[in-house]
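Topology and contacts: notes
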Amino acid sequence: MKKIIVFFFILIFYSLSQSSERIDKIKITEQLTKEKRKCEIGALAPEFSVRSVQDPLKRLSLSSLKGKVVLLEFYMEMCGLCRHYLKKTQKLYDKYKSKGLAIVCINVYEGNKNSSGYLPSSLFRLLKINLPNYIAEWDKSHKNFKQVIDYNIRAVPKIIIIDRNQKIRYIG
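The model shown is predicted, which means the values in this text are computed figures rather than measured ones.

A few words on the sheet that holds strand β3 (residues 69-75). Strands pair in a sheet through their backbones, by hydrogen bonds, and they do so in one of two ways: parallel or antiparallel. Here we have seven strands laid out as an open sheet, ordered β2-β1-β5-β4-β3-β8-β9, and mixed in their pairing. In this open sheet, the two strands that pair with only one neighbour each are β2 (59-61) and β9 (168-171). Taking each pair of neighbouring strands and ignoring which way they run, the sheet shows an average axis angle of 30°. Where strand β4 (residues 101-107) lies against strand β5 (residues 133-135), three bridges are found, and the strand directions are parallel. Its bridge partner being in β5, Ile106 is matched across the sheet by Tyr134.

As structure tokens, this is what we get:
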């Protein structure tokens, strides 16, 4: 009888802890909605700062790319569709980089959130992709990547094109 009571106590405790996590996520989502962090065509692109995969001490910001057309590609290494788009993005980069196109690939894999050191990109080596590769910045207060929040990323791959005046021209 004691085992059954202990089992139900553990089950109830586990259920309550899971509910509180869901409530926390709902509160965070509501807070983000109130903050009106929107990524819309015609709006100014939110400023960002991301860390390079190749050199963790190197950072890139949107303001450093002013005057260039910027293609942001949000991806995850284990995403098959992302791999397909990265190959196409490589072709675009090869064709238009001399004309002022800046491509920024941002890895939003949640396993990167606690990493502070070098993160090799085996996917890029495997696919023979030579694109500027960066890691999204983890935002502890919102329990998500800052760029994912600012650019309203709900799924990957996500491509955003920003014009020379840093206005968003395409989201897809």
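Back to the write-up after that little detour.
For the coordinates displayed, the defined rule picks out two aromatic pairs. The interplanar angle of 65° and the centroid separation of 6.3 Å between the aromatic rings of Phe48 and Tyr151 together place this pair among those described as edge-to-face. Note that Phe48 is positioned in the loop between α1 (2-34) and β1 (49-52) and Tyr151 in the loop between α4 (146-150) and β8 (158-162), a separation of 103 residues in sequence. For the pair Phe48 and Tyr151, a shared accessibility class is recorded, and that class is buried. Where Phe74 meets Tyr151, the ring centres are 5.9 Å apart and the plane angle is 45°; that geometry is what we call tilted. Residue Phe74 is found in strand β3, and its partner Tyr151 is found in the loop between α4 and β8; the two are separated by 77 residues along the sequence. Its relative accessible area of 1% is what places Tyr151 among the buried residues.

Thresholds, definitions, all that
- Sequence positions are assigned chain by chain, starting from 1 and proceeding in written order.
- Local features in this predicted model are restricted to residues of pLDDT 70 or higher, and side-chain atom pairs are both shown and tallied only at a pLDDT of 80 or more, whereas totals for entire chains, interfaces and linings draw on every residue.
- Side-chain figures throughout are based on the complete set of non-hydrogen atoms in the structure, without hydrogens or water.
- Two strands pair if DSSP finds at least two bridges between them.
- For helices the rule is a DSSP run of H or I covering at least 4 residues; for strands it is a run of E covering at least 2, with both sets numbered from the N terminus onward.
- Comment: axis = line fitted to C-alpha atoms, over the contacting stretch for helices; angle = value between 0 and 180 degrees taken between N-to-C directions.
- The criterion for an aromatic pair is that two Phe, Tyr or Trp rings (for Trp, the six-membered ring) have centres within 6.5 Å, with stacked assigned to planes under 30 degrees apart, edge-to-face to planes over 60 apart and tilted to the rest.
- We call a residue buried when its accessible area falls under 20% of the maximum for its residue type, exposed when it is over 50%, and partly exposed in between, using a 1.4 Å probe and counting protein chains only.

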